[in-house]
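Observations on the three-dimensional arrangement
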Amino acid sequence: MSTTTETSLLAAQLPSRFSFVRSRDFPLIPLLILGIIAFVAVFADLLAPHDPQVGSLAARFHPPFWLAGGSTDYLLGTDQLGRDVLSRLIFGARVSMVVGFTAVIFAGVVGTTLGIISGYLGGWVDQVIMRVVDAWLALPALSFAIFLAAIVGPSEMNIVIILGLVFWTRYARIVRGEVLSLKEREFVRLAIVAGCSKWTIMRRHILPNVVNSAIVLASLMLGVVIIAEASLSFLGVGVPPPKPAWGVMLSDGKQGLMVGYWWLTVFPGCCIMLMVLSSNLLGDWLRVKLDPQLRQL
Amino acid sequence: MKQFIIRRLGYSLISLIVLSLTIFFFVRVTGDPATLLVEPGASEADIAAIHHQFGLDRPLVVQYLLFMANLARGDLGQSFYYQMPVSELYLSRLPNSLLLAAVAMSFSLLIGIPTGILAAVRVGSFWDSAGKLFALLGLSLPSFFVGLLMILFFSVYLGWLPSSGSGTALHLIMPAFALGWYFAAAHMRLMRSSMLEVLGSEYIKLARLKGLPQALVIGKHALKNALTPVLTLAGINLVLMINVAVIVETVFAWPGVGRLLYEGVSFRDFPVVQGVVILGGAMIVVVNLLVDILYAVIDPRIRLET
Amino acid sequence: MTASFDGGPTNPRRGRPLRATRRDVLGLAALGLAGATATPVHAAAPAGQLTIGVHISLAPTWFDPAETAGIITPFLVMYALHDAMLKPLPGQNPGPCLAESWTASPDGLTYDFVLRPGVTFHNGDPVTAEDVKFSFERYRGTEHATMKERVASVDIADPRHVRFNLKAPWPDFVTFYSSATGAGWIVPKQYVEKVGDDGFKRAPIGAGPYKFVSFTPGVELVLEAHDQYWRKTPGVKRIVMRVIPDESTRLAALKRGEVDIALSIRAELAEEVQRTPGLTLQAPVGSAPYWMYFPEQWDPKSPWHDVRVRRAAALAIDGKTINQALTLGFSHLTNSAFPENFEYYWQPPPPVYDPEQARHILAEAGFPSGFDAGSYTCDIAYANLGEAVLNNLVAVGIRARLRPLERVSFFAGFGDKKFRNIIQGASGAFGNLATRLEAFVVKGGTYAYGNYPELDELFARQATELDRAKREELLFKMQQIVHEKAIYAPIWQLAFICGVGPRVAQSSFGLIKGFVYPAPYEELTLKGA
């Protein structure tokens, strides 16, 4: 591990601050893809040619424009209720981005906070938090998500909360591990001697040092969350219709797959794939750059 | 060492009790199973009869204590939906799940280990990128989508494989691949980093200095050491697979434990949900415990930490 | 998941004569068969294996009629394994089965049943009056309290004659005994007493057309023909019911010939069945009407208080297009909130789609530019219907948002009267018109958010009315009022679309009116068999 760490550190110390952009493993394409998705999500209202939620049953299953029977009115065709697939993809970017990011951030904030508290305070607080973490990690994530969905009812907001509640434990575990070793470091001891309160130490000294790991984990979790959202839709408890999340489109369109209406699934499937793949490649890169310790995630 | 194991065991037990509490109360706030056993508009008396039959008319605490008491005797209760002992249902599904997970794990390792090694040894080469991409693709596509595409191609279009069900080795191929592919990326990543770590170590440098051929160094010396963490993770993931296979099991009508749990949740079949989650949780806790103990045996420093 | 939602079983239609001679019965049975089996009559010995791809997980509790829940799914298995005294048969509801005839006393207090001679259970034991009494007393499924409360005693005169004594006249006794409960399904007393309830579910023995061979929970149920079945020798030797939960996978299995019948193949997948040579569609219509309900119609401040607004909503539904798009036109568009195959059903005028008129009435009611109607709550399994109807509502200016809920949450919230604005619901509950009205319209009903005193008063009167014609008049009147007040805006009675493979000669779908499964199983035949 030492050699690669050294080389990456060296790379980071090169004169130009942005030299890493030119390095051969820089994830330019993944960043571009995520950038485009974010752009589309923000400007969905301007970009989408049709209302994503309203369609006409008379215009069901139009194929994409380049196929026989397709028209340039509906560039990527229409779905089972005659809604424009392209517009749904564009608004879907927004829903998927919002759900994905908020869930990851929510899980990250809860998990990191509890991880820091658990690791730094130790004692019974640590015991309580870690036993809960162990128990929750032993719950099968998807089925747990289904209960929660059944309790709170499906809505975008609730999906975020559910995914957050299911995934926070992963942050808590890793962050706690890091805090345990940070606690023994010189600067923390000095802060204690200087009379800083526990909360100040946790906020000022511990938190900044675990943020990197949390960010790396978050970039990897983004993919997990997007796939989990799609899987919940498949099981009937995802983002509720008529909101166009990619996962919902994929699972609603899956019937069409057997029938030849491939555009209902292939397009959202590709979007999900590109987004998850990009966030994973980005995460892999960040992992090497920011935090060599996390390689084993 | 003894003390370490005892303390660890204690933690595991506490975790399982927290798990049982969580699942017991969560599943009960999800709604009334009677709603699904009668049509809307059924008489109140019918619903009350169902509540009584399942003991749902008792106070929650009493229900929980009864459940724990029975659990201690190895009795997981009677399924509401199947009207069969949960343990019997579970045991009838477990072999299928184990089989699926074992084959899926083989696929996963078959993809993950070579791509991981390539990524570590030939950094930046075409094969590194291609392998990495293939492993990551499995993580990037929802498994129901992969599964349906495979059914469409291999069953309907080519006619090579049965679309669903169980019984023969042919039935296993598609579900095992769909499940295994998702886990391949994790194994690839760990293989890569663990390989890099081993390759950077002194004895490998030494072996190289001695002029041993690259293939031998990697294939024999490095691989042996680098595999240990990957196989440990594979052990943990194997248990995880049993519990997360629900999507694949649904698509391929594979009669495993994941499907049993999912149906349990949808039918509000409380005893099934409780039983499956607790047994699954116990498996995960036990595997984690074994891994902890194993590592403590290897590295005594770990014992000092909690 | 939506196991119980594909419609209810049939219920008695018009009043059949309470007394039927044996010749009548045979004649009717023959007529029923002649109408049903257009395909060649099969050879005497059952042959071949037929596999049915089932959409829900089969539960052993369905092997025991005593545990019949208030949903239709148990009947999928019961029609094969067991037989009843009377049950819905092709062209007859109820049709005489183990009882070859029955008579009601003029005072409505006793019912005499004569058992069919020479009928045996799968183990060779004869079906006797003892078994009938035992099965009734053992019954603990849906509405068992009602049954036991009203039946004073069951007397056995001799092995072929059994008499039910009621405490008070109960005009719906035969409805409940033949189809609204499982109390009339007969199990062998000796065998059940020998093996116990659990043993019975493990190896059930009945008097139905098919014998139990093996069962693997969550996987499959294997059945074999009972050659001596009284009605006719089954045409297929072996029936396998295989659980395939995913709809697309079921279609793939049907296309590959892994299954011969695939239950529940909807929308696009059904279109694919239509397009595939060799495959055919069957679309029996069950007894679950779907409708919109307006829980705020009793709130003077709500737009829904105005009957014109509710009528406008009903006029806005483009049922024909929706039916074509979602169920290929197989569902029955209806203008009633009650099943058309129920006894005492009143036929309203057909539904009308007229968005112009809807806008016009809305304007009259004071909403020339429409209004914000809040949320449209539905069971998420039927969100596609919800989305389609909602589009229609929005088109006339009733702007609502879809709020799909998971099934349990939906019915819990519905029953707890938590929803506002618009509810899209359905019911396939057993019973007859009176029981439906009780749950959905009358004061205190589980799903009635409010009440109209005139309806409550009519309901009370019909409950004590012994004269059938007068009772019918009262129930008709009630349905008419429900229609005029537009308490519900009916949508359709859903078709249960299934795919049938090339090997099947007679799939027996739709032979029994209002029943969505391929029964009676003895009618099933394979080609060339």
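Model, not experiment: these values are computed from the prediction.

Turning to the sheet that holds strand β10 (residues 236-243) of chain C, a few remarks are in order. Whenever strands of a sheet pair, they do so through backbone hydrogen bonds, lying parallel or antiparallel. Residues and elements named next belong to chain C. Strand order in the open sheet made by the seven strands is β8-β9-β10-β1-β11-β19-β12, with mixed pairing throughout. Either end of the sheet is taken by a strand with one partner, and the two such strands are β8 (210-216) and β12 (280-282). When strand β1 (residues 47-54) meets strand β11 (residues 261-262), the two strands line up parallel, connected through two bridges. Across the sheet, Ile52 pairs through a bridge with Ile261, a residue of β11.

All names here are of chain C. The buried fraction of strand β18 (residues 488-495) amounts to eight of the eight residues, a majority that puts the element mostly inside the structure. Bridge count for strand β13 (residues 285-293) against β18 is six bridges, and the pairing is antiparallel. In the sheet register, Pro289 faces β18, and the bridge partner there is Gln493.

Residue and element names in this part refer to chain C. Examined bridge by bridge, strand β5 (residues 110-115) and strand β7 (residues 161-166) share five bridges and lie antiparallel to one another. Residue pairing across strands places Asp112 opposite Arg163, the latter belonging to β7. Relative to β7, strand β6 (residues 151-158) runs antiparallel, the two sharing six bridges. Within the sheet, the bridge partner assigned to Asp158 lies in β7 and is His161. Here β6 folds back onto β7, and the loop between the two strands holds two residues.

Turning to the confidence of the model for chain C, a few remarks are in order. With 91% of its residues at a pLDDT of at least 70, chain C reaches an overall mean of 86. Overall fold confidence for the complex sits at a pTM of 0.82, while the interface term, ipTM, reaches 0.81.

Taken together, the 40 residues of chain B in the interface contact 43 residues of chain C. Every element with two or more residues in the side of chain B that touches chain C is listed here: α2 (34-37), α3 (44-53), α5 (86-121), α7 (143-157), α11 (246-251) and α12 (257-266) of chain B. Its residues assigned to classes, the side of chain B that touches chain C shows 20 nonpolar, 13 polar and seven charged.

Our focus in this paragraph is α7(B). All names here are of chain B. Here α7 is 15 residues long and its end C-alpha atoms lie 20 Å apart, about the 21 Å a rise of 1.5 Å per residue gives. Buried residues of α7: Ser143, Phe144, Phe145, Val146, Gly147, Leu148, Ile151 and Ser155, and no others. Of the residues flanking the end of α7, it is Gly159, one or two places downstream, whose phi is positive at about 70°.

On to the sheet that holds β5(C), then. All names here are of chain C. If you walk across this open sheet you meet the four strands as β4-β5-β7-β6, and the pairing is antiparallel. Edge positions in the sheet fall to β4 (99-104) and β6, since each has one partner strand and no second. Averaged over all neighbouring strand pairs, the angle between strand axes comes to 20°, with direction disregarded. Against the sheet, helix α3 (residues 129-138) engages β5, β6 and β7, with an angle of about 165° to β6.

Time to look at the interface of chain C and chain A. In this assembly, 25 residues from chain C lie in contact with 21 residues from chain A. Elements that contribute at least two residues to the side of chain C that touches chain A include exactly α7 (247-255), α8 (267-275), α10 (319-327), α12 (383-396), β16 (398-405) and α13 (407-415) of chain C. Split by residue class, the side of chain C that touches chain A holds 15 nonpolar, four polar and six charged.

Further remarks concern the confidence of the model for chain A. For chain A, the mean per-residue pLDDT works out to 82, and 89% of the residues sit at or above 70. Across residues 1-17 of chain A, confidence stays below pLDDT 50; counting only partners more than four residues off in sequence or on other chains, it has 14 contacts.

Thresholds, definitions, all that
- Residues numbered from 1 in each chain as written.
- Chains lettered and ligands numbered in written order.
- Predicted model: local features only at pLDDT ≥ 70, side-chain atom pairs only at ≥ 80, totals over all residues.
- Pairing = 2+ DSSP bridges.
- Helix = DSSP H or I, 4+ residues; strand = E, 2+ residues; numbered from the N terminus.
- Buried ≥ 20, exposed ≤ 12 C-beta atoms within 10 Å, placed from the backbone.
- pLDDT = per-residue confidence, 0-100.
- Contact = placed C-beta atoms within 7 Å.
- Nonpolar A, V, L, I, M, F, W, Y, C, P; charged D, E, K, R; others polar.
- Expected span 1.5 Å × (residues − 1).
- Axes fitted to C-alpha atoms, helices over the stretch in contact; angles between N-to-C directions.

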